[in-house]
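Here's the letter readout for the chains.
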4 protein chains.
Amino acid sequence: MNDQADTPQTPEAEIAALRSNPQPTLRAVAPGMEAHLYTPQPVLDHGFVRVVDYMGDDAAIVQAARVSYGAGTKKARDDSGLIRYLMRHWHSTPFEMCEIKLHVKLPVFVARQWIRHRTANVNEYSARYSVLDREFYIPAPEQLAAQSRVNNQGRGETLQGAEAERVLRLLKEDSMRAYDHYEEMLSQDGQQGLARELARMNLPANVYTQWYWKVDLHNLFHFLRLRADAHAQYEIRVYADAICEMVKDWVPAAYAAFEDYRMGAVQLSARGVDCLKRRLAGETVTQENSGMSKGEWREFEAVWG
Amino acid sequence: MNDQADTPQTPEAEIAALRSNPQPTLRAVAPGMEAHLYTPQPVLDHGFVRVVDYMGDDAAIVQAARVSYGAGTKKARDDSGLIRYLMRHWHSTPFEMCEIKLHVKLPVFVARQWIRHRTANVNEYSARYSVLDREFYIPAPEQLAAQSRVNNQGRGETLQGAEAERVLRLLKEDSMRAYDHYEEMLSQDGQQGLARELARMNLPANVYTQWYWKVDLHNLFHFLRLRADAHAQYEIRVYADAICEMVKDWVPAAYAAFEDYRMGAVQLSARGVDCLKRRLAGETVTQENSGMSKGEWREFEAVWG
Amino acid sequence: MNDQADTPQTPEAEIAALRSNPQPTLRAVAPGMEAHLYTPQPVLDHGFVRVVDYMGDDAAIVQAARVSYGAGTKKARDDSGLIRYLMRHWHSTPFEMCEIKLHVKLPVFVARQWIRHRTANVNEYSARYSVLDREFYIPAPEQLAAQSRVNNQGRGETLQGAEAERVLRLLKEDSMRAYDHYEEMLSQDGQQGLARELARMNLPANVYTQWYWKVDLHNLFHFLRLRADAHAQYEIRVYADAICEMVKDWVPAAYAAFEDYRMGAVQLSARGVDCLKRRLAGETVTQENSGMSKGEWREFEAVWG
Amino acid sequence: MNDQADTPQTPEAEIAALRSNPQPTLRAVAPGMEAHLYTPQPVLDHGFVRVVDYMGDDAAIVQAARVSYGAGTKKARDDSGLIRYLMRHWHSTPFEMCEIKLHVKLPVFVARQWIRHRTANVNEYSARYSVLDREFYIPAPEQLAAQSRVNNQGRGETLQGAEAERVLRLLKEDSMRAYDHYEEMLSQDGQQGLARELARMNLPANVYTQWYWKVDLHNLFHFLRLRADAHAQYEIRVYADAICEMVKDWVPAAYAAFEDYRMGAVQLSARGVDCLKRRLAGETVTQENSGMSKGEWREFEAVWG
């Protein structure tokens, strides 16, 4: 855009001004979600998640399913039972009929993981167009974890003492120095000033960015299953956890089904089914006679003992 | 699903019951769209389009763009100007921040064209699960067009007299007979009754189906540009036209920009640009010296004379 | 398009002419797939599936995963083990690195189910532009099933005797009559001739259409899991089964992993895990003390007894 | 993955070893593309683009279109004419029938722009799992541009003298220091060593990453139109330019149509069409009587004078 910046109102102020008064609507309203609207939920040291808008509720899922199944759908089956049925049988389209729009502030390295979920709409703050703020994620001491010795993409024990101090110092100093230099390069005070689209390359991946992220409930559940999982990196998991709390209040029946059939569920391979059946029949099954590799067997035992 | 059907409430009755009373919301409300909610807009002889839900308004587009561009966005540029700028420069993501959910009743051959737009969510009435109604599209006499002699996928003049009568009679008789046989095959009266998932194959493509269709505004504009176009088949164009009227009331600024930059726009190829520049310079340009094929030139002349 | 048709070469002849001679390539070649290329695999009474092109092989999956995991990937883990690991942990992107292009001829009611898988590329024969052939799916007698009494979207026993004969007669007669009238309406012999885009609406859903369908291996596996499943409608399942045979020869390691972790796998809900653990501990679990609904319990028992 | 790294073969060596010998195939072969296969095309100071695989050629586009249009497609229309027709009329599905797989090494800030194109498949090198190399993008002196004074997201003149030197020094020093600290934090020499998924956050956005990127030709053209455009940031444009050269050799007819109808094309709004028609009729049109804003008029004049 070709305009000079003047005194802008922040998006936050704008939202507050525009949306402070309830207005009547004929659309589906989810009371539990209204309570979340526009209230930033703090995440990490400078981040947040905030619901900007939503479409639909538990009843909207049921209503869409009834269009699909027409008069054949038994009214006596309560909505919650139908939602559980749909979730159990991977009938995903009725869940796509709900939509959520979030405003998220998050470190760039988290944003890079997040954006891999392609079935969402995104408007990100442009560091090509605007100047980023001096805000960097610095892990809390209890999150400063060593590399796992057994898992190439996991964390081990928490760093202690001098090592922990050194890491925190390096992260803080490098962040501040990088930002100082970013400002120096941008400055038009006595010099031309480097283009913003170039200067940004000096900022490390713990700098915060923000975006609007809009996604349907089916794809959100997929995101949450992967990112609220114990194997997800802590720094994205806390965002997923915060969103889970919102979804629980938005579509309680769908969320309960999601917990039972996705978050708490276990996938058994054909070999795994065979092993369990043999166990139920009283046989002693070991890795050697399971047909599984050591890795698979370790994962199998983690659930079934 | 494994349930017996009993006396269901129609989706229509359900919507009416659930949503007859306005409720307060903190979300963006588009007054022009509230007026459309739940009111079926008749299309063709038995079809309709009805807005079931929507998310966002013109201000939501601006708000998303301002997250992208941050403090750099001049407040003095009014919202409409920013929306025009975004549309002109193909910045599509802010338009993706609005969403609409429609309930549509439409002939199957129209549904088959419509579904080719893949970036939408759909719940269609299942003829595998339920029984379709005895409703078929029969063209109005003025829509009974001959095959175009010049365009392999277009219509020519309206059929007249005996030919028109014969066509209408065949369409009506075949529809009714197909439905009679559909019912006969399904009947469990004195016989087993054919599976619904098989019996449906006897129904012609003018039978009506219905679905919930949910799409973001950017993809909806793409749909409308193609389907509200003069070259689209009449039977889908009338749906697109009905939706245009709704969108105009929902996001008036975005719709105005869409009309100027998409519906009324003309794409010029590099060769076309060259020809126009030569004309502006006073040269007489013909197909022979244009570098265009006969087909291209015909399309060029249709716009520029 | 604005051209008159003249004597066209069929796509089949064209393919045969263009591709009859092997040519050297530096790309990944899957010998098992080369054997399938261009050979139509018959499905149903007039349909087929034919591989037109493919990209990648088992090694391409591994190679893509190794870019993901970089130098950390142990060479000693054999390719098949890595592929099993990726499949088990839902790492889908390496599977997206393989692609297949199929030419499929199929009844319209099957095409309508198939097209719901949106993550594919499709070029369908246009009945707006061209005239469809006189080919209709008529079920084999052993596929003429009654409506299931327990499952709203399933089949029961095979129809017998007079009922079966009557159904077959109706399907055949209605198909032929609809096609006769289609031709009559289109005819320009002594009349104008109805536009093709209108005449097609008279054809029933068992008429054959054809398309090119291109999809990546991850999305193909998703399609096959749903459509090669015992609950899928027979008429689409036979296509999925034919494709399974091709995929098995194309990417044998990936297909074996797919069979173990998807086709033969069982998903257990949190409640289901709890019930199995109680059983393994020697407890007698019944529907009443399982926490499951009757429907869920029925499905649970079907697997675990 | 739970394995220890041992001496891996680089992906490069692996490809070379596996693919050094041509093998016979029955698939479509594009000779112009075979010449590009596996040869990294250098981009920026440490980046590259390399074709790993491709599917289809110009003839494959035509073939798919002929399935759509069936016998109606005139053989006499040559392939190039049909491809031009398809491109001109936005018939995108035949172009989706070609696919390309690239291996790209690129700075993270370029990757962040690139990934916004969602309709592609991606496998990125994981800095959670592996250690990134000490490679950073440092702009060539002639690319060290000042912020544009007229365009918030553009570049102005090249920085000179002391300012240029200072910027280059800061970028180099900060990169090297950040990497030194990255290594220090990771080190397990006398300390536990920070988890890789945390240490990476210290690396600035000019560090190089790499990925496999697979996309169909239609979506690739969309990417190229935006990213090979004069308004795209230089650092992504050079990748787009390199890919253009490959596509030109792969599908020469499609690429020529793309140049004429997309890259060299001009979109005129309804107002723009009106202004040009008035000019052609001899009228003098100014911004004041054009109906356009100043910004629009500036863009209009840039093309039409």
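As recorded in an unreviewed UniProt entry, chain A goes by Flavin-dependent thymidylate synthase and comes from Dinoroseobacter shibae. The UniProt entry for chain A carries this comment under Function (unreviewed entry): "Catalyzes the reductive methylation of 2'-deoxyuridine-5'-monophosphate (dUMP) to 2'-deoxythymidine-5'-monophosphate (dTMP) while utilizing 5,10-methylenetetrahydrofolate (mTHF) as the methyl donor, and NADPH and FADH(2) as the reductant." Of the comments in the UniProt record for chain A, the one headed Sequence similarities (unreviewed entry) reads "Belongs to the thymidylate synthase ThyX family."

A.B. asks: Account for the overall build of chain A, with residues named and values stated.
C.D. replies: Helix and strand content of chain A: 13 helices and nine strands. Projected onto the principal axes, the alpha-carbon positions of chain A cover approximately 80 × 55 × 30 Å. Looking at chain A as a whole, 62% of its 305 residues qualify as buried. Of the contacts formed within chain A by residues at least 6 apart in sequence, a portion of 68% connects residues at least 24 apart. Summing over all exposed atoms, chain A offers an accessible surface of approximately 11,100 Å²; the carbon and sulfur share of this is 50%.

A.B. asks: Now, about the UniProt feature "active site" (unreviewed entry) in chain A: what can you tell me, with residues and values included?
C.D. replies: Residue and element names in this part refer to chain A. Here the UniProt feature "active site" (unreviewed entry) sits at R227. Examined against the element boundaries, R227 turns out to sit in helix 8 (residues 217-227). Discounting chain neighbours no more than four positions away, the residues touching R227 are Q113, H117, A232, I236, R237 and A240.

A.B. asks: Talk me through the pattern of salt bridges; I want residue IDs and the actual numbers.
C.D. replies: All names here are of chain D. Going through the model one piece at a time under the given rule, you end up with 88 salt bridges over all chains. Between E173 and R169 there is a salt bridge whose closest N-O contact spans 3.9 Å. Of this pair, E173 and R169 both sit in helix 6 (residues 161-186), four residues apart, which is roughly one turn of the helix. Taking relative accessible area as the criterion, E173 reaches 34% and is therefore assigned partly exposed. With relative accessibility at 41%, the residue R169 sits in the partly exposed group.

A.B. asks: Quick rundown of the UniProt feature "binding site: FAD" (unreviewed entry) in chain A? Include the residues and the values.
C.D. replies: Look at the UniProt record and you will see "binding site: FAD" (unreviewed entry) annotated at T93, R116, H117, R118, E124, D216, L217, H218 and H222 of chain A. These annotated residues cover 130 residues of sequence, and their C-alpha atoms reach 27.4 Å apart at the extreme, placing them across more than a single site. Structurally, the position occupied by T93 of chain A is in the loop between helix 4 (79-88) and strand 4 (99-107). Apart from the residues lying within four places of it in its own chain, the contact partners of T93 of chain A are V122 and N123 of chain B together with R116 of chain C. Inspection of the secondary structure puts R116 of chain A in the loop between helix 5 (108-114) and strand 5 (121-124). Ignoring anything within four residues of it in the chain, the contact list for R116 of chain A reads T93 of chain C together with I115, V122 and E124 of chain D.

A.B. asks: Break down the packing of helix 11 (residues 270-280) of chain B against helix 13 (residues 294-304) of chain B for me, with residues and values.
C.D. replies: Residues and elements named next belong to chain B. Close contact between helix 11 and helix 13 brings their axes to 12 Å; oriented N to C, the two are set at 50°. When the axis of helix 11 is compared with that of helix 13, the two are oblique. Considering the relative orientation of helix 11 and helix 13, their crossing is right-handed. Contacts from R271, G272, C275, L276 and R279 of helix 11 reach helix 13 at E296, W297, F300 and W304. Residue composition of the contact of helix 11 with helix 13, grouped by class: five nonpolar, one polar and three charged.

A.B. asks: Describe the environment of A146 of chain A, with residues and values.
C.D. replies: Take A146 of chain A: it is sitting in strand 6 (residues 145-147). Take A146 of chain A: its relative accessible area is 3%, and that puts it in the buried class. Through-space distance from the C-alpha of A146 of chain A to that of N219 of chain A is 32 Å; in sequence the pair is 73 residues apart. Discounting residues that sit within four places of it in the chain, A146 of chain A has contacts with G154, R155, G156, E157 and L159 of chain A together with Q192, G193, L194 and A195 of chain D.

A.B. asks: Can you break down the sheet that holds strand 8 (residues 208-216) of chain B residue by residue, with the values?
C.D. replies: Note on sheets: strands pair through backbone hydrogen bonds, and any given pair is parallel or antiparallel. All names here are of chain B. Ordered by their spatial adjacency, five strands build an open sheet running 2-3-4-8-5, and the pairing between neighbours is antiparallel. On the outer flanks of this sheet lie strand 2 (41-43) and strand 5 (121-124), each paired with one strand and no other. Sheet twist, expressed as the mean angle between neighbouring strand axes with direction ignored, is 25°. Docked against the sheet, helix 8 (residues 217-227) engages strand 4 (99-107) and strand 8, running at close to 130° with respect to strand 8.

A.B. asks: Lay out the sheet that holds strand 4 (residues 99-107) of chain C with the relevant residues and their values.
C.D. replies: All names here are of chain C. If you walk across this open sheet you meet the five strands as 2-3-4-8-5, and the pairing is antiparallel. Two strands close off the open sheet at either side, each with one partner strand: strand 2 (41-43) and strand 5 (121-124). Across this sheet, the average inter-strand angle for adjacent strands is 25°, counted without regard to direction. Sitting on the sheet, helix 8 (residues 217-227) touches strand 4 and strand 8 (208-216), and the angle it makes with strand 8 is about 130°.

A.B. asks: Can you explain the packing of aromatic side chains? Please cite residues and give values.
C.D. replies: How two aromatic rings sit relative to each other is given by the distance of their centres and the angle of their planes. All names here are of chain B. On inspection of all chains with the given rule, the structure shows 52 aromatic pairs over all chains. Ring geometry for Y54 against W250: centres 6.4 Å apart, planes inclined by 65°, an arrangement best described as edge-to-face. Of the two residues, Y54 is situated in strand 3 (residues 47-55) and W250 in helix 9 (residues 234-250); the sequence distance between them amounts to 196 residues. Comparing Y54 with W250, the two get one shared label, buried.

A.B. asks: Outline the side chain of H117 of chain A, supporting the account with residue identities and numerical values.
C.D. replies: All names here are of chain A. With respect to the element layout, H117 can be found in the loop between helix 5 and strand 5. What makes H117 buried here is its relative accessible area of 14%. Apart from the residues within four sequence positions on either side, H117 is in contact with H222, F223, L226 and R227.

A.B. asks: Tell me about the pairing of strand 4 of chain B, and please be specific about residues and values.
C.D. replies: All names here are of chain B. In terms of residue burial, strand 4 counts as a mostly covered element, since nine of its nine residues are buried. Of the two faces of strand 4, the one holding E99, K101, H103, K105 and P107 and the one holding I100, L102, V104 and L106 are both buried throughout. In this structure, strand 3 lies alongside strand 4, joined through seven bridges in antiparallel fashion. From the neighbouring strand, V51 faces strand 4, where its bridge partner is L102. With nine bridges joining them, strand 4 and strand 8 adopt antiparallel strand pairing. Pairing of L106 across the sheet is with T209, part of strand 8.

Each value, and the rule that gives it
- The residue numbers shown here count from 1 along each chain, following its written sequence.
- Working convention: letters from A go to chains and numbers from 1 go to ligands, in the order in which they are written.
- In keeping with the predicted nature of the model, local features appear solely for residues at pLDDT of at least 70, side-chain atom pairs appear and are counted solely at 80 or more, and the whole-chain, interface and lining totals rest on all residues.
- For side-chain calculations, the full set of non-hydrogen atoms in the structure is used, while hydrogens and water are omitted.
- UniProt positions are given in the numbering used here, feature names are shortened, and annotations may be inferred rather than shown by experiment.
- Helix numbering and strand numbering both begin at the N terminus, where a helix is a DSSP run of H or I of at least 4 residues and a strand a DSSP run of E of at least 2.
- A 1.4 Å probe rolled over the protein chains alone gives each residue an accessible area, and that area as a share of the maximum for its type sets the label: buried under 20%, exposed over 50%, partly exposed in between.
- The contact definition used throughout considers only heavy atoms, calling two residues in contact when any of these lie within 4.5 Å.
- Note on areas: Shrake-Rupley with a 1.4 Å probe; residue coverage comes only from the protein chains shown.
- Within this document, salt bridges are pairs made up of a side-chain nitrogen of Lys or Arg and a carboxyl oxygen of Asp or Glu, the two lying within 4 Å of each other.
- Working convention: axes come from line fits to C-alpha atoms, limited for helices to the stretch in contact. Angles between N-to-C directions cover 0 to 180 degrees.
- Each angle receives one of four descriptions, namely roughly parallel if under 35 degrees, roughly antiparallel if over 145, roughly perpendicular if within 65 to 115, and oblique otherwise.
- Handedness of a crossing follows from how the near helix is turned relative to the far one, being left-handed for an anticlockwise turn of less than a right angle and right-handed for a clockwise one.
- Residues are grouped as follows: nonpolar covers Ala, Val, Leu, Ile, Met, Phe, Trp, Tyr, Cys and Pro; charged covers Asp, Glu, Lys and Arg; every other residue, Gly included, is treated as polar.
- Any two strands with at least two DSSP-identified bridges between them are counted as paired.
- Here the aromatic set is Phe, Tyr and Trp, taking the six-membered ring for Trp, and pairing holds for ring centres within 6.5 Å; pairs whose planes are under 30 degrees apart are stacked, those over 60 apart are edge-to-face, and all others are tilted.

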